[in-house]
Amino acid sequence: CFSASATIDGDGDTVIWPTGVLRVAYLGRATSKAMVAIGPSIINSAFTTAGCVALLFFCTIEIFVKVGVILLLSSLVSICFSVFVLPSMLRLCGPVHFLRTLSKQGFVLVGLVVVCGIAVLLLWILAEFAGIRVVGPS
């Protein structure tokens, strides 16, 4: 039994593939286009961050050196994930149809507000009822 799917990608090209067989090839092409478009920006921001953090290594105040190490390590991990792991995952199981509509943006915004509200509520509950001191701006 042979089943096929046809879609129109972002360039207006009609893409026809056997269901599940050439999906990875299509996603590979889309991922490659995305990495070519935003890859240089990711690498440039990594070098900028590394250059700024490198100046912290020469400080005489020890806390700045420790913060510099933390920033450098977290930047290295995030760059490695965004350049190597994320494209691989998008190629294997990324969305075939990605359409950013106003309703989807609104849904994400509402979800973000709800998550932040729950976090603030949890901190308030901990401060009021559990006796945990939550330090904030005074």
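These figures come from a predicted structure and were not determined experimentally. (Residues numbered from 1 in each chain as written. Predicted model: local features only at pLDDT ≥ 70, side-chain atom pairs only at ≥ 80, totals over all residues. Heavy atoms only, no water.)

### Description of the overall build of the protein
Here is step 1 of the chain: A count of helical and extended segments in the protein gives three helices and two strands.
Here is step 2 of the chain: Reading the helices (α) and strands (β) of the protein from amino to carboxyl end gives β-β-α-α-α.
Here is step 3 of the chain: When each of the 138 residues of the protein is scored for burial, the buried share is 14%.
Here is step 4 of the chain: Taking contacts inside the protein between residues at least 6 apart in sequence as the whole, the part at least 24 apart equals 38%.
Here is step 5 of the chain: Surface exposure of the protein reaches about 10,700 Å², of which carbon and sulfur atoms provide 75%. (Helix = DSSP H or I, 4+ residues; strand = E, 2+ residues; numbered from the N terminus. Buried < 20%, exposed > 50% of the residue type's maximum accessible area, 1.4 Å probe, protein only. Contact = heavy atoms within 4.5 Å. Areas by Shrake-Rupley, 256 points an atom, 1.4 Å probe, with all protein chains shown as cover.)

### A look at the packing of aromatic side chains
Here is step 1 of the chain: The tally for this structure, following the rule as stated, stands at one aromatic pair.
Here is step 2 of the chain: Ring geometry for Trp124 versus Phe129: centroids 5.8 Å apart, planes at 85 degrees, classification edge-to-face.
Here is step 3 of the chain: For Trp124, a relative accessible area of 46% puts it in the partly exposed group.
Here is step 4 of the chain: By relative accessible area, which is 64% here, Phe129 ends up exposed. (Phe/Tyr/Trp six-rings, centres within 6.5 Å; stacked < 30°, edge-to-face > 60°.)

### A short note on helix α3 (residues 102-129)
Residues three or four positions apart in an α-helix share a direction because the helix packs 3.6 residues into each turn.
Here is step 1 of the chain: The terminal C-alpha atoms of α3, which comprises 28 residues, lie 40 Å apart, in line with the 40 Å expected from a rise of 1.5 Å per residue.
Here is step 2 of the chain: At the C-terminal side of α3, Gly131 shows a positive phi close to 75 degrees. (Expected span 1.5 Å × (residues − 1).)

### Focus on the pattern of salt bridges
Here is step 1 of the chain: The final tally for this structure, using the stated rule, is one salt bridge.
Here is step 2 of the chain: Residue Lys66 pairs with Glu62 through a salt bridge whose shortest N-O separation is 3.3 Å. Of this pair, Lys66 and Glu62 both sit in helix α2 (residues 62-93), separated by four residues, roughly a single helical turn.
Here is step 3 of the chain: According to the relative accessible area criterion, Glu62 is exposed, its value standing at 54%. (Salt bridge = Lys/Arg side-chain N within 4 Å of Asp/Glu carboxyl O.)

### Remarks on α2
Here is step 1 of the chain: Between its terminal C-alpha atoms α2 stretches 44 Å, which fits the 46 Å expected from 32 residues at 1.5 Å a residue.
Here is step 2 of the chain: When the local axis directions of α2 are compared, the greatest deviation, roughly 40 degrees, occurs at Ser82.
Here is step 3 of the chain: Listed as buried for α2 are Gly68, Ser75, Ile79, Ser82 and Pro87. (Bend = angle between axes of the 7 residues up to and from the residue.)

### Re the environment of Val134
Here is step 1 of the chain: The topology assignment puts Val134 in the segment after α3.
Here is step 2 of the chain: Taking the C-alpha atoms as reference, Val134 lies 8.2 Å from Trp124; in sequence the two are ten residues apart.
Here is step 3 of the chain: Not counting residues within four places of it along the chain, the set of residues in contact with Val134 comprises Leu123 and Ala127.

### Quick look at the side chain of Ser82
Here is step 1 of the chain: Within the secondary structure, Ser82 sits in helix α2.
Here is step 2 of the chain: Under the relative-accessibility criterion, Ser82 is labelled buried at 18%.
Here is step 3 of the chain: Of note is the side chain of Ser82, whose polar atom sits 3.1 Å from the backbone oxygen of Ile79.
Here is step 4 of the chain: Here Ser82 is in contact with Met35, Ile42 and Pro87, once residues within four sequence places are set aside. (Polar contact = N/O pair within 3.5 Å; in protein donor to acceptor, adjacent residues only side chain to side chain.)

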